[in-house]
2 protein chains.
Amino acid sequence: MFPTTDADGRPLLATLKDVARLAGVSVKTVSNVVNGYEFVKPDNRRRVEEALATTGYRPNIGARNLRRGRTGSLALVLPELSIPYFGEMAGLVLEAAGEHEWNVLIEQTLGTRDRERSTLAALGPHMIDAAIVSPEALHARDFDQLDPGIPVVMLGEHSVDVPIDHVGIDNVLAATVATSHLVELGRRRIAAIGAHPYRGTATQRLDGYRAALTAAGLPLRHEYIVQALNYHRRDGADAMAHLLSLPEPPDAVFCFNDLLAIGALRAAAEHGVSVPRDVAVVGFDNNEESAYSMPSLTTIAPDKAAIAHSAVDLIRRRININGGQNLAPEDVQTPFSLEIRESTR
Amino acid sequence: MFPTTDADGRPLLATLKDVARLAGVSVKTVSNVVNGYEFVKPDNRRRVEEALATTGYRPNIGARNLRRGRTGSLALVLPELSIPYFGEMAGLVLEAAGEHEWNVLIEQTLGTRDRERSTLAALGPHMIDAAIVSPEALHARDFDQLDPGIPVVMLGEHSVDVPIDHVGIDNVLAATVATSHLVELGRRRIAAIGAHPYRGTATQRLDGYRAALTAAGLPLRHEYIVQALNYHRRDGADAMAHLLSLPEPPDAVFCFNDLLAIGALRAAAEHGVSVPRDVAVVGFDNNEESAYSMPSLTTIAPDKAAIAHSAVDLIRRRININGGQNLAPEDVQTPFSLEIRESTR
């Protein structure tokens, strides 16, 4: 047995050489296994893996990062991991960052401007190489004073017009597509759930909704635009209950995210209103649960993997090109589609 | 305007003194605001916050951690953030860790033994102070050779009998409670979805299911125990479709997590089977979506916030007491409840 601790019980640091000796292979073979190369004979791979486990060998990532002049970590700043869209997005960012050997520190802001500002203000090169930020409540002037000294990429809606790399879908267009789909079904009393006093996404999706109605020659009815201060299921249920209590309830609803839509489906069922017969419903995000709701939910499906990969690519571009100080900010538009399911069929 | 960069455009590091001078308050007041004390006059707080923004002051967290002899980061190792249970749990761990000024690095293992082993093997004191690990596929012997040199807390089922701090609910008891609830409804043909060849959770939940049936004098029917190699919605739908195709289909199903149950509800609807009239369904986890499914889902609700806080407390205990080397491993059992909803009403 290879000794893993010294006489005083302190862990001994095993080297590649120790592993190679124990496995009876060359140092190069061990290095190939450690670095994840595919073409290693299965028998050698097994022996190396056993030797790695026995010796407790760990690649010295700290030293490797130091040589490269980086911390080895990215920050991902988002509202809440318990919101499925952000849980799914975080998983994809972890995968994309991992392909370039970055660890990911996650910070939750709960979507409040105060916490978004204080989190951004705390970003800096002492802990992380770059940050991916998904803001909800920030104003343009919050960015004026932002100088973290590291690359920052913004995800989601380009709500604030600031000179920062950005990745997201065309929210106005996506909202127009969602609303036009309801128009094409022959619906004429189309409501929107998710208006918000200052969220950039909300403003853009409302613009798209309005554009679609105007293009179809349908009136904009104030009572059909319902605010949601949060975008949780409960808010969607409350908003739908309100709409169904109107003297002339809508025959279709575009919800600004899937959670609002799931809540709306629930409220419709509780009011004995059939979806899609009485009210058709469209969501936004294509959360995994939306394929399983009853009825399953028609929704705007952003290409989330493309968003995650584009964000990591923008960071690499800035880090690789001399700090990226002189690069103009990029605005990457990722694709989306409309997933048509039972709620509008 | 306070200069934030030198003549060459390099950022100047502002000190507490700079902030205090600009705000016209004492250094102590600035320090109080920065450290989050409540009792600061609103006017002073506003001036300090403006000065903080103007100067771009950042508390030197790196130096503070260095003085304390810590990295300031924890690792959270879990299967997938896109699985709602882990998304919710990760959010709660971030909150609990944040209360003690820890950042959290998240690693996804996708629940495979290979990736769980390699992630555990890479843990070490160079990046993190401690790790919280939620394993799915590890065997006891994978832990034999684990010596990360930092505290490790295991979440979820105590599937493997290893001398490591552990937090979780009593899985066997919870599964018994869930199954007994179905027995009390008068159901006699109770199936289980989620058996698995080596997952610890699956074994424990199956034990609880069996215990409840035996206690009720009901036969254990092999055809009513359905494997699920993954615990996703699709697997639950497939398993339910299989059960409904049996010559004598079950009149109740206990699913080993909520995602399986959501899939099972969907399959029941597609087969024209009414829940709970024809088949009652119970899940496990109490994901947020389960209160909104149609019908809403009866489920075992672990106290997730208690799990997150207990895990962070166990880490603090080991770190504070001289490295915690001589402390016996603790096994903290957190509470759970049965949330009774429409799927069994």
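So, how was this worked out
- Residues numbered from 1 in each chain as written.
- Chains lettered and ligands numbered in written order.
- Predicted model: local features only at pLDDT ≥ 70, side-chain atom pairs only at ≥ 80, totals over all residues.
- Heavy atoms only, no water.
- Helix = DSSP H or I, 4+ residues; strand = E, 2+ residues; numbered from the N terminus.
- Buried < 20%, exposed > 50% of the residue type's maximum accessible area, 1.4 Å probe, protein only.
- Contact = heavy atoms within 4.5 Å.
- Areas by Shrake-Rupley, 256 points an atom, 1.4 Å probe, with all protein chains shown as cover.
- Pairing = 2+ DSSP bridges.
- Axes fitted to C-alpha atoms, helices over the stretch in contact; angles between N-to-C directions.
- Parallel < 35°, antiparallel > 145°, perpendicular 65-115°, else oblique.
- Nonpolar A, V, L, I, M, F, W, Y, C, P; charged D, E, K, R; others polar.
- Buried area = accessible area lost by both parts, 1.4 Å probe.
- Salt bridge = Lys/Arg side-chain N within 4 Å of Asp/Glu carboxyl O.
- Polar contact = N/O pair within 3.5 Å; in protein donor to acceptor, adjacent residues only side chain to side chain.

Within an unreviewed UniProt entry, the label attached to chain A reads LacI family transcriptional regulator, and the organism entered is Umezawaea endophytica.

(A) Structural detail: the overall build of chain A. When helices and strands are tallied, chain A shows 12 helices and 12 strands. Counting the 345 residues in chain A, one finds 57% classified as buried. Counted over contacts in chain A with a minimum sequence separation of 6, partners at least 24 positions apart contribute 69%. Roughly 15000 Å² of accessible area belongs to chain A as shown, and the carbon and sulfur atoms make up 51% of that amount.

(B) Summary view of the pairing of strand 5 (residues 165-168) of chain A. Residue and element names in this part refer to chain A. Of the two faces of strand 5, the one carrying Asp 165 and Val 167 and the one carrying His 166 and Gly 168 are both buried. Pairing of strand 4 (residues 152-155) with strand 5 involves 3 bridges; the strand directions are parallel. Of the residues in strand 5, the one forming a bridge with Leu 155 is Val 167.

(C) Layout of the packing of helix 2 (residues 27-34) of chain B against helix 3 (residues 42-55) of chain B. All names here are of chain B. Where helix 2 meets helix 3, the closest approach of the two axes is 10 Å, and the angle between their N-to-C directions is 80°. Taken as axis vectors, helix 2 and helix 3 run roughly perpendicular relative to one another. The segment helix 2 lies against helix 3, with Thr 29, Val 30, Val 33 and Val 34 engaging Asn 44, Arg 45, Val 48, Glu 49 and Leu 52. When the residues that make up the contact of helix 2 with helix 3 are grouped by side-chain class, the tally is 5 nonpolar, 2 polar and 2 charged.

(D) View of the sheet that holds strand 7 (residues 225-227) of chain A. All names here are of chain A. With mixed pairing, the 6 strands of this open sheet are ordered in space as 7-6-8-9-10-12. Where the open sheet ends on each side, the last strands, each with one partner, are strand 7 and strand 12 (336-339). Here the strands of the sheet are splayed against their neighbours by 15° on average, with no regard to which way each runs. Where strand 8 (residues 252-255) lies against strand 9 (residues 280-284), 3 bridges are found, and the strand directions are parallel. Residue pairing for strand 9: Ala 252 is matched across the bridge by Ala 280. Contacting strand 6 (190-195), strand 8, strand 9, strand 10 (298-302) and strand 12, helix 8 (residues 171-184) crosses the sheet at an angle of about 165° to strand 9. Running at roughly 170° to strand 6, helix 9 (residues 200-215) makes contact with strand 6, strand 7, strand 8 and strand 9 of the sheet.

(E) How the structure looks around the interface of chain B and chain A. Across the contact, 49 residues belong to chain B and 51 residues belong to chain A. Carbon and sulfur atoms supply 52% of the area that chain B and chain A bury against each other, a total of about 4200 Å² over both sides. Viewed at the interface, chain A and chain B are joined by 6 salt bridges. Across the pair Glu95(A) and Arg115(B) runs a salt bridge, and its minimum N-O distance is 3.0 Å. Where chain B touches chain A, the interface holds 16 residue pairs in polar contact (both at pLDDT 80 or more). The set of elements that each furnish at least two residues to the side of chain B that touches chain A consists of helix 4 (61-68), helix 5 (84-98), strand 2 (103-108), helix 6 (113-122), helix 10 (233-244) and helix 11 (258-270) of chain B.

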